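Descriptive structure summary
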Amino acid sequence: MILRLLFAPVTGIAWVAEQIQERAEAELDNQENLHKRLLALQLAFDMGELSEEDFEKQEEALLLAIEAISEDP
């Protein structure tokens, strides 16, 4: 019981560090996925599968999402 009390702060700090790491990895995955979607969008446009208007709308949405992730503290 006493050992648990002594190590509680260490356990808490380890948990917080783990949570921060998980969130950072999730955000990186999200950003990578958005970049992949942007590349796929560009390829679809280049191959004529997408109108310029549709491309611009979707591109803007993806760029705004990437920017939002980049700015999120």
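**A few points about the overall build of the protein chain**
In terms of regular secondary structure, the protein chain is built from two helices and zero strands. Of all 73 residues assigned to the protein chain, the portion counted as buried reaches 12%. Counting every atom, the protein chain has about 6,100 Å² of accessible surface; 62% of that belongs to carbon and sulfur.

**Some points on the nonpolar core**
One finds L34, L38, L41, L50, F55, L62, I66 and I69 forming the largest nonpolar core, which totals eight residues. With four residues, helix α2 (residues 52-71) is the largest single contributor of residues to this core. Beyond its immediate sequence surroundings of up to four residues, L38 is in contact with E59, L62, L63 and I66.

**Here we look at the pattern of salt bridges**
Under the counting rule described, the total for this entry stands at one salt bridge. Note that K57 is salt-bridged to E53, the shortest N-O span being 3.2 Å. Here K57 and its partner E53 are both found in helix α2, four residues apart, which amounts to about one turn of the helix. Given the relative accessible area of 51%, K57 is considered exposed.

**Observations concerning the packing of aromatic side chains**
Summed over the entire model, instances satisfying the criterion amount to one aromatic pair. Pairing F45 with F55 gives two aromatic rings, centres 4.6 Å apart and planes at 20°, and the pair type is stacked. With a gap of 10 residues between them, F45 in helix α1 (residues 2-46) and F55 in helix α2 connect regions that are remote in the sequence.

Conventions we followed
Residues numbered from 1 in each chain as written. Predicted model: local features only at pLDDT ≥ 70, side-chain atom pairs only at ≥ 80, totals over all residues. Heavy atoms only, no water. Helix = DSSP H or I, 4+ residues; strand = E, 2+ residues; numbered from the N terminus. Buried < 20%, exposed > 50% of the residue type's maximum accessible area, 1.4 Å probe, protein only. Areas by Shrake-Rupley, 256 points an atom, 1.4 Å probe, with all protein chains shown as cover. Core = buried A, V, L, I, M, F, W, Y, C linked by side-chain atoms within 4.5 Å. Contact = heavy atoms within 4.5 Å. Salt bridge = Lys/Arg side-chain N within 4 Å of Asp/Glu carboxyl O. Phe/Tyr/Trp six-rings, centres within 6.5 Å; stacked < 30°, edge-to-face > 60°.

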